[in-house]
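# Understanding the architecture of this molecule
The chain contents come next:
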Amino acid sequence: MSNNIRNLWLPYSQMKTIPTPLKAVKTLGTKIYLENGSTLIDGISSWWTACHGHNHPHIKNSIKKQVDKMSHVMFGGLIHDQAIELSSRIIKTLPQEFYKVFFSDSGSIAVEVALKMAVQYWKNRGEENKTKFIYFKHAYHGDSSGAMAVSDPDEGMHSIFKNYFTKHIQSDLPKCKRTEIDFMNLLRKNEHSIAGIIIEPLLQAAGGMKTHSPKIINSIENIRKKFKVLLIFDEIATGFGRTGTMYALNQTNTIPDIICLGKAITGGSISLAATIATKKIYNSFLSYDENFALMHGPTYMANPVACAAANASLDLFEKENRIEQVIEIQNRLEKGLHECLNINGVRDVRVIGAMGAVQLNNIENDIKWLKKKFISKGVWLRPYGDIVYTMPPFVISNKELNKIIVSITDILHEWSIKKNN
Ligand SMILES: *Cc1c(COP(=O)(O)O)cnc(C)c1O
C-alpha cells in the first residue's frame, strides 16, 4: 500500500508543512502497531476513547455478532434490542432524575442536541426568547457550529470562525467571591434570554486540561437554582471513569438537566454519542401538538453495531475494576509528574483521575519537536497549546504507565535545557 496522502485532508493540520503521518496497521490493548515495524503505547487512548485498551476481545466479539445480524437499520419508525438495552443501562448508571436517552453519532452532535433540547424546553413552556447559553472560559464542546458557539473562541481552536457563529455569553468559572458575584449578576441581567449553562464538569479538557474542584460545580448550581436556567453537563471527555468516578457529576452534589456522553462510550471502537434528559426536560415535550416533538434525527442514529459495542463496554465496567484502576493511575501520575515542577519552564502540573497534564511556558515552536521525541521513546502523546498530557487506557500496566511518565519527565528536562541555551 502507498503512503501517498495526496487526497487526504487531515484534522487540525497545516497540510503544507505537516510531516508525513505514521501509518497504523493494528491496535491491541495499550499498543498501536505501525507499518514501519515499531509499536507505540497509546498514552492518550486515541483521543480519550479506548478506556479498556484497543480492540478488547469482549467488545470486538459483540461487534462481530451484531454485524452478522444487522449492521444498521434506520431509527425513524424502527427500534432494535441493542438501543433499547443500552438506553436502560445508561439510565441505570445515572442519578434517578435521568429518564430519556437520545442517540447520535458524535460528541459535537450530542451537544447540538442538548442545546436544541434546552431551547425547545423553554419554547414548549411558552418562553420563546430563552435561546442564549452561558459557557465558560477555556470551554470546548465540539467542532460543529452550535457547539463552537459555546466554546471559548480565544483559547480553543475556533478563533477563525469567531464572526460566523451565534453570540452566546462567556463567563469565568466562579472560583472566588468576586467571580461568584459576577456570575450571579450575569444570570440576573440575562435570565430572560438564557436557556441554559453548559459546562465540562471538573475537567475542561480540550481547552487546556484545566481542572476545577467539585465545589465550583456546586457553587454554579447554588447560584443557578435562583434563576430559571437549565444546566447541561458535557461529560463527553469526563464520562466513563476518566476523572475517578463513573461520571464527574458523582463527585458533586449537582444534578444537571441534560448530560452529553460520547468518546469512551464504545470503549474506543466505533463512533456513538448520547444526550440524556431528566424527566423534567422530557415532560415539556409531551403534547398532542406535533410541534412539541424534538426535531432532530441523525441518519445513523443508534447504529446497532455502535450500541452493541457500548453495551459490551458497560459489561466491562460492571465486571472489571475500572474505577479502581483509574484511582491507581491517579496516584501514580500524581507521584510521577510532580517532579516536573522542578523543571525550568514548567508552569503547572494537574492530575485528575486518569489524566495527567504538565503546563509549560512557551511551547508553540516546540510542539513538533516534542511529538517526535515522544515517538522516539515509543509513546504516543500529542502535546497541544501549552500542554503535555496523558490520558492512558485504564488497563495500562504499571510498567507502561511508568514508561509514559519517565518519557514526559526526561523529554521535558531535555526541552528545558534546549530552551535555556
Ligand atoms: C471531544 C469532545 C466533544 C466533541 O466530540 P466529537 O465526538 O469530537 O464531536 C465535545 N465535548 C467535549 C467535552 C469533548 O471532549
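Below is a short write-up of the structure. Counting of residues starts from 1 at the beginning of each chain's written sequence and follows it residue by residue. Local features in a predicted model are, by the rule used here, given only for residues with pLDDT of at least 70; side-chain atom pairs are given and counted only at 80 or more, and totals for whole chains, interfaces and linings are based on all residues. Hydrogen atoms and water are omitted, and side-chain values are computed over all heavy atoms in the structure.

## With respect to the sheet that holds strand E12 (residues 273-278)
In this analysis, strands are considered paired if DSSP registers two or more bridges between them. For the purposes of this entry, the term helix denotes a DSSP run of H or I that reaches at least four residues, the term strand denotes a run of E that reaches at least two, and both are numbered from the N terminus. Spatial ordering of the open sheet is given by E4-E12-E11-E10-E7-E5-E6, a layout of seven strands whose pairing is mixed. With partners counted over all chains shown, the strands left at the sheet margins are strand E4 (98-104) and strand E6 (169-171), one partner each. Within this sheet the neighbouring strands show an average axis-to-axis angle of 20°, counted without direction. Here E4 pairs with E12 via six bridges, running antiparallel. Opposite Ser-104, over in E12, you have Ala-273 as the bridge partner. The contact criterion used is simple: two residues touch if any of their non-hydrogen atoms lie within 4.5 Å. Helix axes are fitted only over the stretch in contact, all axes being lines through C-alpha atoms; the angle between N-to-C directions runs from 0 to 180 degrees. Sheet strands touched by helix H4 (residues 107-124): E4, strand E5 (132-136), strand E7 (194-199), strand E10 (230-234), strand E11 (258-261) and E12. Its angle to E12, the strand with the most contacts, is close to 25°.

## Re the site of the ligand
We call a residue near a molecule or strand whenever a single non-hydrogen atom of that residue lies within 4 Å of it. Taken together, Trp-48, Ser-106, Gly-107, Ser-108, Tyr-140, His-141, Gly-142, Glu-200, Asp-234, Ile-236, Ala-237 and Lys-263 form the complete shell of residues around the ligand. Any pair of nitrogen or oxygen atoms within 3.5 Å is treated as a polar contact; in protein, a donor-acceptor pairing is required on top of that, and neighbouring residues in sequence qualify only through side-chain atoms on both sides. One nitrogen or oxygen atom from the side chain of Lys-263 is found 2.6 Å from an oxygen atom belonging to the ligand. Computed with a 1.4 Å probe, the accessible areas rest on the Shrake-Rupley method; for each residue, only the protein chains presented here act as cover. Protein contacts shield 83% of the accessible area of the ligand, which totals 380 Å² for the unbound molecule. Looking at the shell around the ligand residue by residue, the class counts come to four nonpolar, five polar and three charged. Classification convention: Asp, Glu, Lys, Arg as charged; Ala, Val, Leu, Ile, Met, Phe, Trp, Tyr, Cys, Pro as nonpolar; all other residues, Gly among them, as polar.

## A look at the environment of Met-184
Take Met-184: it is sitting in helix H6 (residues 177-190). Beyond its immediate stretch of four places on either side in the chain, Met-184 contacts Ile-223, Lys-226 and Phe-227.

## Points about the packing of aromatic side chains
Here a Phe, Tyr or Trp ring, Trp counted by its six-membered ring, pairs with any other such ring whose centre lies within 6.5 Å, and the pair is stacked when the planes are under 30 degrees apart, edge-to-face when over 60, and tilted otherwise. Scanning the model with the defined rule gives nine aromatic pairs in all. Consider the rings of Trp-48 and Tyr-389, whose centres lie 6.3 Å apart with planes at 85°: the pair is edge-to-face. You can see Trp-48 sitting in helix H1 (residues 45-48) and its partner Tyr-389 sitting in strand E16 (residues 387-390), a full 341 residues away along the chain. With relative accessibility at 7%, the residue Trp-48 sits in the buried group. Three labels apply to residues, based on accessible area from a 1.4 Å probe with only protein chains included: buried if under 20% of the type maximum, exposed if over 50%, partly exposed otherwise in between. Its relative accessible area of 2% is what places Tyr-389 among the buried residues. Ring plane angle 45° and centroid distance 6.1 Å describe the contact between Phe-240 and Phe-317, whose orientation is recorded as tilted. Here Phe-317 lies in helix H9 (residues 304-319) and Phe-240 lies in the loop between E10 and E11, a separation of 77 residues in the sequence. Across the pair, Phe-317 and Phe-240 agree in class, each one buried. Here the basic side chain of Lys-279 rests over the ring of Tyr-99, its NZ or CZ set 4.4 Å away from the ring centre. Two conditions define a charge located above a ring, namely a distance within 6 Å from the ring centre to NZ of Lys or CZ of Arg, and an angle within 35 degrees of the ring normal.

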